[in-house]
Amino acid sequence: VSLSEDIIEQLYDIDFSDKKISIAKEILGNIDNRGFLTIEPILIADRMMLDEEKVIKVINDIKLLDPPGIASSSIKECLISQLKVYYSDKTFCLKVIEEYFDEFANKKYSKIKSKLKCTDQELSDVVELISVLNPNPAINYNTAVNEHVTPDVSIDYIENEWAIQITEPQYYSLKISKKYIDMLS
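Being a predicted model, the structure only gives us computed values, none of them experimental. (Residues numbered from 1 in each chain as written. Predicted model: local features only at pLDDT ≥ 70, side-chain atom pairs only at ≥ 80, totals over all residues. Heavy atoms only, no water.)

Q: Tell me about the overall build of the protein, and name the residues and values.
A: Broken down by element type, the protein carries nine helices and two strands. For the protein, the succession of helices and strands along the chain, N to C, is α-α-α-α-α-α-α-α-β-β-α. The buried share of the protein, reckoned over its 185 residues, is 32%. Excluding contacts between residues fewer than 6 apart, the proportion of contacts in the protein whose partners are at least 24 apart in sequence is 46%. Taken as a whole, the protein presents about 12700 Å² of accessible surface, with 50% of it coming from carbon and sulfur. Between the centroid of the 21 positive side chains of the protein and the centroid of its 32 negative side chains there is a distance of 8 Å. (Helix = DSSP H or I, 4+ residues; strand = E, 2+ residues; numbered from the N terminus. Buried < 20%, exposed > 50% of the residue type's maximum accessible area, 1.4 Å probe, protein only. Contact = heavy atoms within 4.5 Å. Areas by Shrake-Rupley, 256 points an atom, 1.4 Å probe, with all protein chains shown as cover. Lys, Arg positive; Asp, Glu negative; His and termini not counted. Charge placed at Lys NZ, Arg CZ, Asp CG, Glu CD.)

Q: Report on the pattern of salt bridges, specifying residues and quantitative values.
A: Applying the stated rule across the entire model yields six salt bridges. A salt bridge links Lys-115 to Glu-103; the nearest nitrogen and oxygen atoms lie 3.9 Å apart. Within this pair, whereas Lys-115 is found in helix α7 (residues 109–116), its partner Glu-103 is found in helix α6 (residues 91–105), the two being separated by twelve residues in sequence. When its relative accessible area of 43% is taken as the criterion, Lys-115 is described as partly exposed. Taking relative accessible area as the criterion, Glu-103 reaches 15% and is therefore assigned buried. For Lys-178, the salt bridge identified is with Asp-182, shortest N-O distance 3.4 Å. Here Asp-182 and Lys-178 lie together in helix α9 (residues 178–184), a separation of four residues that amounts to about one turn. Note on Asp-182: relative accessible area 43%, which makes it partly exposed. (Salt bridge = Lys/Arg side-chain N within 4 Å of Asp/Glu carboxyl O.)

Q: Quick rundown of the state of the cysteines? Include the residues and the values.
A: By definition, a disulfide is the covalent link that joins the sulfur atoms of two cysteine residues. Counted according to the given criterion, the structure contains zero disulfides. Not part of a disulfide, Cys-78 finds its nearest cysteine sulfur in Cys-93, a span of 13 Å. Free cysteine Cys-93: the closest other cysteine sulfur is in Cys-118, separated by 11 Å. On the accessibility criterion, Cys-93 (3% relative accessible area) is buried. (Disulfide = S-S within 2.5 Å.)

Q: Summarise the packing of aromatic side chains; cite the residues concerned and give the values.
A: Taken as a whole, this structure holds three aromatic pairs when the rule is applied. For the pair Tyr-86 and Tyr-87, a centre-to-centre distance of 6.4 Å together with 70 degrees between the ring planes defines the contact as edge-to-face. Judged by its relative accessible area of 26%, Tyr-87 falls in the partly exposed class. It is Lys-20 that lies over the ring of Phe-16; its NZ or CZ is 5.2 Å from the centre. (Phe/Tyr/Trp six-rings, centres within 6.5 Å; stacked < 30°, edge-to-face > 60°. Lys NZ or Arg CZ within 6 Å of the ring centre and 35° of its normal.)

Q: Describe the pairing of strand β1 (residues 153–158), listing the residues and the values that go with them.
A: The sheet contact formed by β1 and strand β2 (residues 161–166) spans six bridges and is antiparallel. Residue pairing in the sheet places Ile-155 in a bridge with Ile-164 of β2. Taking the residues between adjacent antiparallel strands as the criterion, β1 and β2 are bridged by two residues, where Glu-159 takes a positive phi near 50 degrees. (Pairing = 2+ DSSP bridges.)

Q: So what's going on with the packing of α7 against helix α8 (residues 120–131)? Which residues, and what values?
A: Between α7 and α8, whose axes approach to 10 Å, the crossing angle comes to 120 degrees. What the angle tells us is that α7 and α8 run oblique. Judged by the twist between their axes, the crossing of α7 over α8 is right-handed. Within the contact between the two elements, α7 uses Tyr-109, Ile-112 and Lys-113 and α8 uses Asp-120, Leu-123 and Val-127. Residue classes in the contact of α7 with α8 are distributed as four nonpolar, no polar and two charged. (Axes fitted to C-alpha atoms, helices over the stretch in contact; angles between N-to-C directions. Parallel < 35°, antiparallel > 145°, perpendicular 65-115°, else oblique. Left-handed = near helix turned anticlockwise from the far one by under 90°. Nonpolar A, V, L, I, M, F, W, Y, C, P; charged D, E, K, R; others polar.)

Q: If you had to explain unusual backbone geometry to someone new, which residues and values would you point to?
A: At the junction of Asp-66 and Pro-67, the peptide bond is cis and its omega measures out at 0 degrees in the coordinates. Here Pro-67 is to be found in the loop between α4 (52–63) and α5 (75–86). One non-glycine residue with positive phi stands out, namely Asp-15, at about 60 degrees. Summarising the element assignment, Asp-15 is placed in the loop between α1 (3–13) and α2 (18–28). A positive phi angle is found at Ala-71, which is not glycine, with a value near 75 degrees. Following the sequence through the fold, Ala-71 ends up in the loop between α4 and α5.

Below is the structure:
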């Protein structure tokens, strides 16, 4: 099951209208392989001739589905969504990320402590909790396929002779230009 299929199925489960499902499909068509929305909601709204608020509402609903954080526009939004879903009672942690994300991301903990007047332990608890969240919510849905490339021809030098092998000889006919034969002579 793809990420989009999984999210759409969850939206049907919570009785989303067909109109909201079509908005969700447009949103999901614009997320990257990490699960982040790659365009501004206003562009989706314009394309669908809708009010931007309707698109934002669907985005916010998607962000709270499983996995939480899908369709976020930033790591900060993603982490906030995950905190709301998994740790809704951790209001201090939510406050740190909502109000001091840049300081937190840059490990300027002393600045956060002085502004929030919190203890080392309280901030350490926030760091520990954030460390278990997933900044790439679509990671388990990675659709990249590692393809093995088989060469059409392999050329090997074996026992003082060149050996040419065509991988699928029924599909190819190999001709060597007279110019190249003359060069080898």
